[in-house]
Amino acid sequence: MRGKDLSGLAWQPMNDPSGMAAYEAFDAKGRGYYLVRNKHRPEMLFVVSDGMSVPPGWYTDKGGTIRRVS
């Protein structure tokens, strides 16, 4: 797996009117991260940072907890 694992952040569900972001979290330095659902496989989520970069890796909330799957 490439990139750091962000599954340990305190992910909070979002009420995003656009329906894009499902969860948000902030790291120790205050950087924001958002988990966005894949349209074709909604159990899969990818990360977008507040700097609009997309860190590598896929996550899932299947089973009730956020965990990295690749």
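To be clear, the structure that these remarks concern was listed above.
Residues numbered from 1 in each chain as written. Predicted model: local features only at pLDDT ≥ 70, side-chain atom pairs only at ≥ 80, totals over all residues. Heavy atoms only, no water.

Caption draft 1: Broad picture of the nonpolar core. Formed by Leu6, Leu9, Trp11, Ala22, Tyr23, Ala25, Tyr33, Leu35, Leu45, Val47, Tyr59 and Ile66, the largest nonpolar core amounts to 12 residues. Elements with a minimum of two residues in this core: β2 (21-26), β3 (32-37) and β4 (44-49). With 3 residues, β2 is the single largest residue contributor to this core. If we skip the residues at most four places from it in the chain, alanine 25 touches Leu9, Ala10, Trp11, Arg31, Gly32 and Tyr33. (Core = buried A, V, L, I, M, F, W, Y, C linked by side-chain atoms within 4.5 Å. Buried < 20%, exposed > 50% of the residue type's maximum accessible area, 1.4 Å probe, protein only. Helix = DSSP H or I, 4+ residues; strand = E, 2+ residues; numbered from the N terminus. Contact = heavy atoms within 4.5 Å.)

Caption draft 2: Inspection of the pairing of β2 at higher detail. Pairing of strand β1 (residues 12-13) with β2 involves 2 bridges; the strand directions are antiparallel. Directly across from glutamine 12, in β2, lies its bridge partner glutamate 24. Here β2 pairs with β3 via 5 bridges, running antiparallel. Bridging across to β3, alanine 21 finds its partner in valine 36. Between the antiparallel neighbours β2 and β3 lie 5 residues, among them glycine 30 with a positive phi of about 90 degrees. (Pairing = 2+ DSSP bridges.)

Caption draft 3: Representation of the environment of glutamine 12 in the model. Along the polypeptide, glutamine 12 turns up in strand β1. In this structure glutamine 12 touches Ala22, Tyr23 and Glu24, once residues within four positions along its chain are discounted.

Caption draft 4: Molecular detail of the side chain of arginine 68. Structurally, the position occupied by arginine 68 is in strand β6 (residues 67-68). For the buried arginine 68, which has no salt bridge, the nearest side chain bearing the opposite charge is aspartate 5, at an N-O separation of 5.2 Å. Engagement of the side chain of arginine 68 in a polar contact is seen with the backbone oxygen of proline 56, the distance being 3.5 Å. From its side chain, arginine 68 meets the backbone oxygen of serine 70 in a polar contact 2.7 Å long. (Lys, Arg positive; Asp, Glu negative; His and termini not counted. Salt bridge = Lys/Arg side-chain N within 4 Å of Asp/Glu carboxyl O. Polar contact = N/O pair within 3.5 Å; in protein donor to acceptor, adjacent residues only side chain to side chain.)

Caption draft 5: Region of interest: the side chain of threonine 60. Position of threonine 60 among the secondary structure elements: in strand β5 (residues 58-60). Polar contacts involving the side chain of threonine 60 include one to the main-chain carbonyl oxygen of glutamate 43, which spans 2.7 Å. Setting aside residues no more than four positions away along its own chain, threonine 60 makes contact with Glu43, Leu45, Thr65, Ile66, Arg67 and Val69.

Caption draft 6: Here's a closer look at the environment of lysine 39. Secondary-structure assignment places lysine 39 in the loop between β3 and β4. For the pair lysine 39 and valine 54, spaced 15 residues apart in sequence, the C-alpha separation works out to 16 Å.

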